[in-house]
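One-letter residues, chain by chain:
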Amino acid sequence: MKIALINGSPKTKNSASGILLEDLKSHLSQKAEITEIKLQKTFIPEEIAAELKTMEALVFSFPLYVDGIPAHLLSCLIQLENAHWQNREIYIYGIVNCGFHEGVQAKYALEILQNWCKKTELIWGGGIGAGGGGGLANMPSTKNGHGPKAPIDKALQAMADKILQNKRQKNHYVSVAFPRFLYRIAAQIGWRQMIKANGGKTKDLGKRPEEP
Amino acid sequence: MKLVITDLKDFSISIKGEHRIIKPQGTIHPCFGCFGCWVKTPGQCVMHDGYENTGMYMSKCTELILISQCCYGGVSPFVKTVQDRAISYIHPDFVIRKGEMHHKRRYQNVIALSAYFYGENITEQEKKTARNLIEANADNYDGRVKNIYFYKTAKELEDILL
Ligand SMILES: Cc1cc2nc3c(=O)[nH]c(=O)nc-3n(C[C@H](O)[C@H](O)[C@H](O)COP(=O)(O)O)c2cc1C
């Protein structure tokens, strides 16, 4: 079975979207022929668009941006809608990770992908909304079903099963197994470290620059 | 001030009062997720292509008006790029509002958000998605929704007064 794992994060490395695809892949790889694709620009090269059309399933993994799909990826989807699909028996799955703790905040981004599927006349296979995405790069991998990523891994395992069976799933909203108040503190410590690393001060985080 | 973000290059809609229009002019670069607008140059996007100041413009507006082709229940790539590049309007720290995580305010103004979507074949489901999306945007800006309208063509919009 030919499956494309599409990373729609614009980041060149360490994207949460990529980590989630790696985890999904670990549940798929024995039984599938996998192609990994990164969409970081507003345009998909013709040869990649052509390759996508030969797949049986496409999995889009991307970050939630302003409650929706990152703009560059939206451009790519429009390009794909207008591409000539000979075979429309292709299942589309979505994995949307978000910075907020609640995976359900990815609901409308998944709906947009589902609406795209309808317009493009492909088969919507369902999605995962994963909350706490900002922490994924720093979290250990799941061992024996335990660890902060365990709920997300479980959802990915379930999705992998559906993909391999050409089946749909309901959207599944999950969060990291890391308490929300601690996630918030950890993120806020992170912003402070980053601004200091850039030569700024903590109070600069709240700067209110005037327009030039 | 009314801030209009539109994908219409030839924008010819009447607007009452003080306003600013952000529309396609030259090349706009999409956000690449660096968070520099929070931790390098707080309040301003690090890419200087003429679209780096939207967060600041948002801080001066009472109304934010999106005029966009409806793409699958969301805004079009241009309008979305401008929105993605303007998350500096809010502060990186988190708050809990209505039981959900959101960002703290950076500025004090409360935005009334309106969206005018156009498109020939907007489905009922897409309209539903679009309404919910705009509500979610308003929650994240800690503002409120004013109007959400749908039109068949951009031309029909020329008769309205913003
Ligand atoms: C421009 C921009 C907009 C964002 N908007 C949201 C949002 O609306 N809700 C949310 O929970 N997270 C939002 N985030 C956070 C990202 O979804 C989060 O950092 C994610 O883990 C990034 O995934 P990636 O590493 O795969 O790119 C936003 C981030 C950026 C850069």
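Our subject is the structure listed above.
All of the points below concern the structure found in this document. In this text, all values refer to a predicted model and were calculated from it rather than measured experimentally.

Quick notes on the rules
- Residues numbered from 1 in each chain as written.
- Chains lettered and ligands numbered in written order.
- Predicted model: local features only at pLDDT ≥ 70, side-chain atom pairs only at ≥ 80, totals over all residues.
- Heavy atoms only, no water.
- Near = heavy atom within 4 Å.
- Polar contact = N/O pair within 3.5 Å; in protein donor to acceptor, adjacent residues only side chain to side chain.
- Areas by Shrake-Rupley, 256 points an atom, 1.4 Å probe, with all protein chains shown as cover.
- Contact = heavy atoms within 4.5 Å.
- Buried area = accessible area lost by both parts, 1.4 Å probe.
- Salt bridge = Lys/Arg side-chain N within 4 Å of Asp/Glu carboxyl O.
- Helix = DSSP H or I, 4+ residues; strand = E, 2+ residues; numbered from the N terminus.
- Buried < 20%, exposed > 50% of the residue type's maximum accessible area, 1.4 Å probe, protein only.

## Some points on the site of the ligand
Part 1: Lining the immediate environment of the ligand, one finds 21 residues, of which A:S9, A:K11, A:A16, A:S17 and A:N97 sit closest.
Part 2: What surrounds the ligand is not a single chain but chains A and B.
Part 3: At a separation of 2.7 Å, an oxygen atom of the ligand approaches a polar side-chain atom of A:K11.
Part 4: A distance of 2.8 Å separates an oxygen atom of the ligand from a polar backbone atom of A:A16.
Part 5: Protein chains bury 94% of the 650 Å² of accessible surface belonging to the ligand in isolation.

## Side note on the interface of chain A and chain B
Part 1: Across the boundary between the two partners, chain A contributes 47 residues, which contact 52 residues of chain B.
Part 2: Counting the surface lost from both chain A and chain B, the interface buries some 4,300 Å², and carbon and sulfur atoms represent 60% of this.
Part 3: Contact with chain B buries surface across chain A, with A:V66, A:W191 and A:E211 losing the most and accounting together for 16% of the total.
Part 4: If you look at where chain A meets chain B, you find three salt bridges.

## Let's talk about the pattern of salt bridges
Part 1: Using the criterion set out here, one finds 15 salt bridges over all chains in the structure.
Part 2: When the shortest N-O distance is used, the salt bridge between B:E126 and A:K119 registers 2.8 Å. You can see B:E126 sitting in helix α4 (residues 124-140) and its partner A:K119 sitting in helix α4 (residues 107-120), one on each of two chains.
Part 3: With a closest N to O distance of 3.5 Å, B:R97 and B:D142 form a salt bridge. Highlighted residues: B:R97 in strand β4 (residues 90-97) and B:D142 in the loop between α4 and β7 (144-151), separated in sequence by 45 residues.
Part 4: Given the relative accessible area of 26%, B:D142 is considered partly exposed.
Part 5: In this structure, a network of salt bridges that share partners links the residues B:R97, B:R105 and B:D142.

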